[in-house]
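# Reading the structure
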Amino acid sequence: MATAAAAVARRAGARAAAALLSACGTAARGWRRAGPARPLCTAPGTAPDMKGYLWERYREAKRSTEDLVPSIMNNLLNPDAIFSNNEMSLSDIEIYGFDYDYTLVFYSKHLHTLIFNAARDLLINEHRYPAEIRKYEYDPNFAIRGLHYDVQRAVLMKIDAFHYIQLGTVYRGLSVVPDEEVIEMYEGSHVPLEQMSDFYGKSSHGNTMKQFMDIFSLPEMSLLSCVNEYFLKNNIDYEPVHLYKDVKDSIRDVHIKGIMYRAIEADIEKYICYAEQTRAVLAKLADHGKKMFLITNSPSSFVDKGMRYIVGKDWRDLFDVVIVQAEKPNFFNDKRRPFRKVNEKGVLLWDKIHKLQKGQIYKQGNLYEFLKLTGWRGSKVLYFGDHIYSDLADLTLKHGWRTGAIIPELRSELKIMNTEQYIQTMTWLQTLTGLLEQMQVHRDAESQLVLQEWKKERKEMRTKEDTYHQRRGIWGQEICTNNLVKLTLYFLVCLTVYYPKPKPLSRPFLFLCVKDRKVSCSRLSGRPPRTCELSIKCICFSPVNLSRLLFPPSQGP
């Protein structure tokens with residue numbers, strides 16, 4: 001559990017367990033050396049009451065844990081904080097780059113409903129799916145980013161950092177698959193590496209597990225599950241691979257055919273969350289002589305209307321380079337595609353590009369040409385995006401850019417982990433783990449029965465600490481927050497330095513470990529695999545946080 005609350009709980013639990021168990025450990029060690037004569041307070045010649053002894057230690061640990069919770073509650077992690085995974089001085093940053101969707105602009109809850117409904121209607125109208133699936137509505141609480149979908153078995157699940165399926169998180173349609181069935185289906189609970197998605201979450205090269213990492217993929221997961229549910233409830237025989245492809249194509253067409261873009265442009269106030277400080281962030285950077293660029297997969301007219309709404313008509317004057325329909329992640333890897341100019345009417349020009357000019361919009365291109373034309377290389381560049389794979393990982397691994405992850409889910413996840421219930425659970429979980437570790441030396445039948453009860457309790461309240469989303473995702477990002485604008489409150493051009501802290505980011509807990517280039521998620525409660533650990537271990541932002549990162553409170557925008 002990667003929050004400060006969980007980290008504090010872990011340490012406090014460990015201290016409680018250590019304090020309570022020191023005498024127990026001594027007694028146990030003495031018992032191993034000298035036999036069962038005097039490990040407990042028993043009369044000479046009588047057998048020790050191991051059951052009573054263990055349960056008394058349990059009750060003492062429980063009381064100690066309860067006493068610790070109030071002090072832990074005073075050391076909570078700020079949900080609006082900015083987290084650093086690597087030391088970074090902003091005085092070294094000369095160029096700032098941004099993605100558009102969910103980085104500079106945030107969308108309302110209505111957008112996912114729009115995507116779900118549009119894709120559902122495409123399934124009915126173009127793929128000839130039963131009209132009855134129209135009764136299913138989008139449920140925003142059903143899933144979260146990082147889940148895996150078995151294309152051939154049509155099940156959605158959470159997989160941990162070691163490729164183990166988290167039992168209880170496997171859904172077929174809208175229903176949980178019993179643990180026994182999951183174990184039989186996969187001959188255990190481990191998923192071999194060759195079945196997992198590739199780096200970008202694609203189910204390619206025969207891989208059967210697709211990972212959903214994009215925020216826009218939430219409606220796709222819900223639609224897949226709803227259509228699966230309809231077929232199962234009505235005993236309709238179907239091919240899961242065809243269903244996956246049809247849903248994938250329908251979601252893609254909502255974007256490619258412009259359905260989503262036209263709907264947002266027609267009612268921009270409904271779908272885009274206005275952030276008045278976004279302009280302050282960009283203007284402050286420009287005032288300090290920083291270069292800025294925008295690289296997005298969205299089309300030109302769509303970006304222009306959105307930026308006019310949140311920044312102003314002169315938004316292009318703030319950016320030195322603007323690139324649309326970049327087709328990331330191919331933009332970062334494919335050297336063959338040249339840039340094309342887009343004129344004011346959106347028409348593509350055939351001119352050869354010798355220089356990327358301020359105020360001009362360009363389409364496609366590739367990062368290698370971008371670096372050649374701008375000279376913006378290495379650690380003087382800080383790029384912000386929301387997608388760990390297609391926005392950030394390659395920039396860090398291949399090109400040495402500094403990266404910042406915008407994680408919209410961060411704030412709500414931290415709020416959950418700051419609750420007293422969560423802290424009580426985590427503190428007791430760590431204490432009980434310590435008890436088990438110390439008391440496992442007692443091998444008699446009576447003690448083993450008690451320990452089995454403890455293990456059962458631990459299993460019921462335990463969530464995996466290292467999930468696929470945590471261990472495989474965080475380390476590649478220099479800084480993270482839940483909102484871009486917060487960075488303005490922290491910006492001090494020459495003096496601000498971000499130092500990585502040993503808690504909670506010093507352990508491979510949340511969101512992305514670039515070494516193995518994979519990710520996933522989990523949560524303490526909620527249905528299916530909604531996760532409490534989704535967002536913390538890279539450097540995570542939202543527009544508000546970006547304001548605070550770039551402009552510290554004493555240097556307000």
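Residues numbered from 1 in each chain as written. Predicted model: local features only at pLDDT ≥ 70, side-chain atom pairs only at ≥ 80, totals over all residues. Heavy atoms only, no water.

### Brief notes about the overall build of the chain
Convention followed: By definition, any uninterrupted DSSP run of H or I lasting at least four residues is a helix, any uninterrupted run of E lasting at least two residues is a strand, and each is numbered from the N terminus. Two residues form a contact once any of their heavy atoms are found within 4.5 Å. For the accessible areas, the method is Shrake-Rupley and the probe is 1.4 Å, while residue cover comes only from the protein chains on display.
Within the chain, the secondary structure is distributed over 18 helices and 19 strands. Taking all contacts inside the chain whose residues are at least 6 apart in sequence as the whole, residues at least 24 apart take part in 80%. When the accessible area of the chain is evaluated, it comes to approximately 23,600 Å², of which 50% is carbon and sulfur surface.

### Quick word on unusual backbone geometry
One can expect most non-glycine residues to show negative phi and most peptide bonds to be in trans. Our working definition: Each residue gets one of three labels from its accessible area relative to the maximum for its type: buried under 20%, exposed over 50%, partly exposed in between, using a 1.4 Å probe on protein chains only.
Note that the residue after Lys328, namely Pro329, is joined by a cis bond; omega there is 10 degrees. Checked against the element boundaries, Pro329 lands in the loop between strand E12 (321-324) and helix H11 (330-333). Within the chain, Glu187 stands out as a residue other than glycine whose phi angle is a positive 50 degrees. Among the residues examined, Glu187 registers a relative accessible area of 78% and is labelled exposed. A positive phi angle is found at Gln364, which is not glycine, with a value near 60 degrees. Along the polypeptide, Gln364 turns up in strand E14 (residues 361-364). Among the residues examined, Gln364 registers a relative accessible area of 22% and is labelled partly exposed.

### Focus on the packing of aromatic side chains
Selection criterion: Centres within 6.5 Å make a pair out of two Phe, Tyr or Trp rings, where for Trp the six-membered ring is used; the pair is then stacked when the planes are under 30 degrees apart, edge-to-face when over 60, and tilted otherwise. Criterion for a charge above a ring: Arg CZ or Lys NZ at most 6 Å from the ring centre, at most 35 degrees from the ring normal.
Within the structure shown, the criterion is met by 30 aromatic pairs. With a centroid separation of 5.8 Å and 70 degrees between ring planes, the pair formed by Phe370 and Trp376 is classed as edge-to-face. Here Phe370 and Trp376 have matching classes, each one buried. Put simply, the rings of Phe293, Phe370, Trp376, Tyr383 and Trp401 pair up and form one aromatic cluster. In this structure, Arg153 packs its charged tip against the face of Tyr186, placed 4.4 Å from the ring centre. Taking the ring centre of Tyr368 as reference, the NZ or CZ of Lys335 above it sits at 4.7 Å.

### With respect to helix H12 (residues 367-374)
Just so we agree on the cut-off: Here the arc refers to the directions that run from the helix axis out to each C-beta atom. Any pair of N or O atoms that falls within 3.5 Å is considered a polar contact. Within protein, one atom must be able to donate a hydrogen and the other to accept it, and sequence-neighbouring residues count only if both atoms are side-chain atoms.
Three or more residues of H12 are buried, namely Leu367, Phe370 and Leu371. On an axial view of H12, the arc spanned by its buried residues comes to 95 degrees, and they lie on one face. Regarding H12, its N-cap is Asn366, as a side-chain oxygen of that residue lies 3.0 Å from the backbone nitrogen of Tyr368 further along. Following H12 by one or two positions, Gly375 has its phi on the positive side, about 75 degrees.

### Here we look at the environment of Gln277
Looking at where Gln277 falls in the secondary structure, it is placed in helix H9 (residues 277-287). Residues Gln277 and Ile310 lie 33 residues apart in sequence; the distance between their C-alpha atoms is 8.8 Å.

### Quick look at the pattern of salt bridges
Threshold: Salt-bridge detection follows one rule: a side-chain nitrogen of Lys or Arg within 4 Å of a carboxyl oxygen of Asp or Glu.
Within the structure shown, the criterion is met by 23 salt bridges. For Asp121, the salt bridge goes to Arg134, with nearest N and O atoms at 3.4 Å. Residue Asp121 is located in helix H3 (residues 110-126), and its partner Arg134 is located in the loop between H3 and strand E5 (148-150); the two are separated by 13 residues in the primary sequence. According to the relative accessible area criterion, Asp121 is partly exposed, its value standing at 25%. For the salt bridge of Arg308 with Asp304, the shortest nitrogen-to-oxygen distance reads 2.8 Å. In this pair, Arg308 and Asp304 are both assigned in helix H10 (residues 300-310), 4 residues apart and thus about one turn of the helix distant.

### Some points on helix H15 (residues 420-439)
Counted only if it meets this: To estimate the expected span of a helix, count its residues, drop one, and scale the result by 1.5 Å.
Here H15 spans 28 Å end to end across 20 residues, near enough to the 28 Å set by a 1.5 Å rise per residue. In terms of burial, H15 is a largely internal element, 14 of the 20 residues being buried.

### What about the nonpolar core?
Worth spelling out the cut-off: Note on terminology: a nonpolar core comprises buried Ala, Val, Leu, Ile, Met, Phe, Trp, Tyr and Cys residues joined through side-chain atoms within 4.5 Å.
Counting 74 residues, the largest nonpolar core has Phe98, Tyr107, Leu111, Met307 and Phe319 as its most contacted members. If sequence neighbours within four positions are ignored, Met307 has contacts with Tyr100, Leu104, Leu282, Gly312, Trp315 and Phe319. By size, the runner-up hydrophobic cluster in this structure holds 50 residues, among which are Tyr383, Ile407, Tyr422 and Met439.

### Describing the confidence of the model for the chain
Where we set the bar: In predicted models, pLDDT denotes the confidence assigned by the predictor to each residue on a 0 to 100 scale.
For the chain, per-residue confidence averages 78 on the pLDDT scale, and 72% of positions sit at 70 or higher. Across residues 1-13 the pLDDT falls below 50, and counting only partners more than four positions away or on other chains, this stretch makes 49 contacts in the model. Every residue in residues 488-495 is under pLDDT 50, and counting partners more than four places away or in other chains gives 52 contacts.

### So, the environment of Glu420
Examined against the element boundaries, Glu420 turns out to sit in helix H15. With a relative accessible area of 43%, Glu420 lands in the partly exposed category. Separated by 350 residues in the primary sequence, Glu420 and Pro70 have C-alpha atoms spaced 8.7 Å apart. If near-sequence neighbours (up to four positions away) are discounted, Glu420 is found in contact with Val69 and Met73.

### What to know about the packing of H3 against helix H7 (residues 259-266)
As a reminder of what qualifies: All axes here are fitted lines through C-alpha atoms, helices being fitted over the stretch that makes contact, and every angle between N-to-C directions spans 0 to 180 degrees. Convention used here: angles under 35 degrees read as roughly parallel, angles over 145 as roughly antiparallel, angles from 65 to 115 as roughly perpendicular, and any remaining angle as oblique. Two helices crossing with the near one rotated counterclockwise from the far one by less than a right angle form a left-handed crossing, whereas a clockwise rotation gives a right-handed crossing. Three categories are distinguished: nonpolar for Ala, Val, Leu, Ile, Met, Phe, Trp, Tyr, Cys and Pro, charged for Asp, Glu, Lys and Arg, and polar for the others, with Gly belonging to the last.
Relative to each other, H3 and H7 sit at 135 degrees, their axes nearing to 10 Å. As far as their axial angle goes, H7 and H3 are oblique. Crossing hand, H3 versus H7: right-handed. Counting all contacts with H3, which are made through Leu111, Leu114, Ile115, Ala118 and Leu122, the residues of H7 involved are Ile259, Met260, Ala263 and Ile264. A breakdown of the residues in the contact of H3 with H7 according to their chemical character gives 9 nonpolar, no polar and no charged.

### Looking at the packing of H7 against H10
Running from N to C, H7 and H10 cross one another at 25 degrees; their axes reach a closest spacing of 10 Å. Of the possible angle classes, the one that applies to H7 and H10 is roughly parallel. Crossing of H7 over H10 shows left-handed handedness. Of H10, the residues touching H7 (which contributes Tyr261, Ile264 and Glu265) are Ser301, Phe302 and Lys305.

### Quick word on the pairing of E14
The line we're drawing: For two strands to count as paired, DSSP must find a minimum of two bridges between them.
With 3 bridges joining them, E12 and E14 adopt parallel strand pairing. Among the inter-strand pairings, Val324 is bridged to a residue of E14, identified as Lys363. For strand E13 (residues 339-342) and E14, the ladder comprises 4 bridges, and the chain directions are antiparallel. Looking at E14, one finds that Val342 is bridged to Ile361.

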